[in-house]
Amino acid sequence: MNRNIAVDGPAGAGKSTVAKEVAKRLGLVYVDTGAMYRAMAIYFLEQGLSPEDQEGITRACRDAEVSIAYENGVQQVYLGGKNVTGRIREEAVGNMASRSSVYPAVRAKMTQLQQALAERTPVIMDGRDIGTVVLPQAALKIYLTASAEERARRRFRELAEKGEACELADIERDIRERDRRDMNRETAPLRQAEDAVLVDATEMDIEQVVGRILELYRERVPEATQGQAGRKGE
Ligand code: DC
């Protein structure tokens with residue numbers, strides 16, 4: 001039985017928060033594919049490569065070894081056997097990930113890894129091209145979005161809570177720039193799959209989005225959810 005869920009959408013729409021919660025409630029493994037692109041980015045940075053150097057990045061793809069494992073149910077990303085999870089959220093890493101993910105060699109390598117993971121275990125996977133390229137046969141596809149203004153406000157609040165100084169206008173500009181890059185690249189651009197359900201979270205909180213996905217899953221995959229969906233905090 002195909003139980004996989006694909007969640008795509010722009011940066012900052014809340015994909016990972018929502019997907020983690022849905023994973024818990026449905027007993028699926030949560031796979032954060034952005035974290036894999038970020039681990040690859042660390043490798044490119046360590047090699048001293050510039051994001052414009054397509055040839056160098058393509059060559060480096062052959063040697064980069066990215067893998068993921070789960071510790072207490074939390075995804076850990078490894079680069080050449082070293083746990084790099086603590087570094088993947090760095091700004092420079094995010095920037096390199098956004099720029100290097102446009103290259104076909106990077107995408108081919110990540111897609112292969114992600115498909116191999118989904119073959120081993122039922123997953124909820126989030127990213128930009130999961131419903132369109134990585135898991136086109138997913139049982140449920142969600143396109144989760146929110147307005148750029150709202151995504152910027154959420155990110156601003158998150159950073160402010162961590163005590164990091166930032167300007168709302170800079171965050172919004174950065175978000176719009178990432179949207180542009182993700183949606184306009186030639187290989188596997190971010191777009192809503194034809195059979196994906198659009199969830200606009202601009203005026204929804206996390207619990208409402210999770211509820212909506214569970215409801216859709218119960219409709220689409222009833223045999224997988226009997227007596228299971230809706231139980232909280234398992
Ligand atoms: O979701 P994220 O911000 O952690 O992703 C980091 C970058 O990786 C993002 O700028 C776009 C890219 N990415 C991608 O191209 N395809 C995916 N499936 C996931 C992420």
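Everything below is about the structure shown above.
All of the points below concern the structure found in this document.

Parameters at a glance
Residues numbered from 1 in each chain as written. Predicted model: local features only at pLDDT ≥ 70, side-chain atom pairs only at ≥ 80, totals over all residues. Heavy atoms only, no water. Helix = DSSP H or I, 4+ residues; strand = E, 2+ residues; numbered from the N terminus. Pairing = 2+ DSSP bridges. Contact = heavy atoms within 4.5 Å. Axes fitted to C-alpha atoms, helices over the stretch in contact; angles between N-to-C directions. Near = heavy atom within 4 Å. Polar contact = N/O pair within 3.5 Å; in protein donor to acceptor, adjacent residues only side chain to side chain. Areas by Shrake-Rupley, 256 points an atom, 1.4 Å probe, with all protein chains shown as cover. Nonpolar A, V, L, I, M, F, W, Y, C, P; charged D, E, K, R; others polar. Buried < 20%, exposed > 50% of the residue type's maximum accessible area, 1.4 Å probe, protein only. Salt bridge = Lys/Arg side-chain N within 4 Å of Asp/Glu carboxyl O. Expected span 1.5 Å × (residues − 1). Arc of directions from axis to C-beta.

Let's shift gears to the environment of Gly 73. Turning to its location among the elements, Gly 73 is positioned in the loop between strand S3 (66-71) and strand S4 (74-79). Along the chain, Gly 73 and Asp 126 lie 53 residues apart, while their C-alpha atoms are 16 Å from each other.

On to the sheet that holds strand S5 (residues 82-83), then. Across the sheet, three strands lie side by side as S3-S4-S5; this open sheet has antiparallel pairing. With partners counted over all chains shown, the strands left at the sheet margins are S3 and S5, one partner each. The pairing of S4 with S5 spans two bridges and is classified as antiparallel. Opposite Tyr 78, over in S5, you have Asn 83 as the bridge partner. Contacts from helix H2 (residues 33-46) reach S3, S4 and S5, with the element oriented near 25° to S4.

What follows concerns the site of the ligand. In the vicinity of the ligand, 15 residues are found, and the nearest of them are Arg 38, Arg 107, Arg 128, Asp 129 and Arg 185. For the ligand, an oxygen atom lies 3.5 Å from a polar atom in the side chain of Ser 101. The contact in question runs from an oxygen atom of the ligand to an N or O atom on the side chain of Arg 185, over 2.9 Å. Calculation on the ligand without its partners gives an accessible area of 450 Å², and the protein chains cover 93% of this total. Counting residues per element, the ones that place at least two in the shell around the ligand are H2 and helix H4 (91-100). Per-element tally for the shell around the ligand: the top contributor is H2, with four residues. A class-by-class count of the residues in the shell around the ligand yields three nonpolar, five polar and seven charged.

Attention shifts here to the pairing of strand S1 (residues 5-8). Of the two faces of S1, both are covered, the one formed by Ile 5 and Val 7 as well as the one formed by Ala 6 and Asp 8. As paired elements, S1 and strand S6 (residues 123-127) share four bridges and run parallel to each other. Opposite Ala 6, over in S6, you have Met 125 as the bridge partner. Alignment of S1 against strand S7 (residues 140-145), held across four bridges, turns out to be parallel. Directly across from Ala 6, in S7, lies its bridge partner Lys 141.

On to the pairing of S4, then. Of all six residues in S4, five are buried; the element is thus mostly enclosed. Sheet topology note: the S3/S4 ladder contains six bridges and is antiparallel. Residue pairing across strands places Glu 71 opposite Val 74, the latter belonging to S4. Two successive antiparallel strands, S3 and S4, enclose a turn made up of two residues, where Asn 72 displays a positive phi of approximately 50°.

Another aspect to go through is the pattern of salt bridges. For side chains bearing opposite charge, pairing can occur when the charged atoms are close. Throughout the structure, instances matching the rule amount to 24 salt bridges. Residues Arg 128 and Asp 182 are paired through a salt bridge, measuring 2.8 Å at the closest nitrogen-oxygen approach. Here Asp 182 lies in helix H8 (residues 168-184) and Arg 128 lies in the loop between S6 and helix H6 (130-134), a separation of 54 residues in the sequence. Judged by relative accessible area, which is 5%, Asp 182 ranks as buried. For Arg 176, the salt bridge identified is with Glu 172, shortest N-O distance 2.9 Å. Of this pair, Arg 176 and Glu 172 both sit in helix H8, separated by four residues, roughly a single helical turn.

A few words on helix H9 (residues 206-220). Side chains three or four residues apart in an α-helix point the same way, a direct result of the helix having 3.6 residues per turn. Along its 15 residues, H9 runs 21 Å from first to last C-alpha, staying within 8% of the 21 Å computed at 1.5 Å per residue. Looking at H9, one finds that the buried residues are Val 209, Val 210, Ile 213, Leu 214, Leu 216 and Tyr 217. One face of H9 carries all of its buried residues, which in axial projection span an arc of 165°. With a side-chain oxygen positioned 3.3 Å from the backbone nitrogen of Glu 207, the residue opening H9 is Asp 205.

Reading across from one edge, S2-S6-S1-S7-S8 is the order of the five strands in this open sheet, with parallel pairing throughout. Among the strands making up the open sheet, the edge pair consists of strand S2 (29-32) and strand S8 (197-200). Across the sheet, the mean angle separating the axes of adjacent strands is 20° when strand polarity is ignored. Set on the sheet, H9 makes contact with S1, S7 and S8; between it and S7 the angle comes to about 160°.

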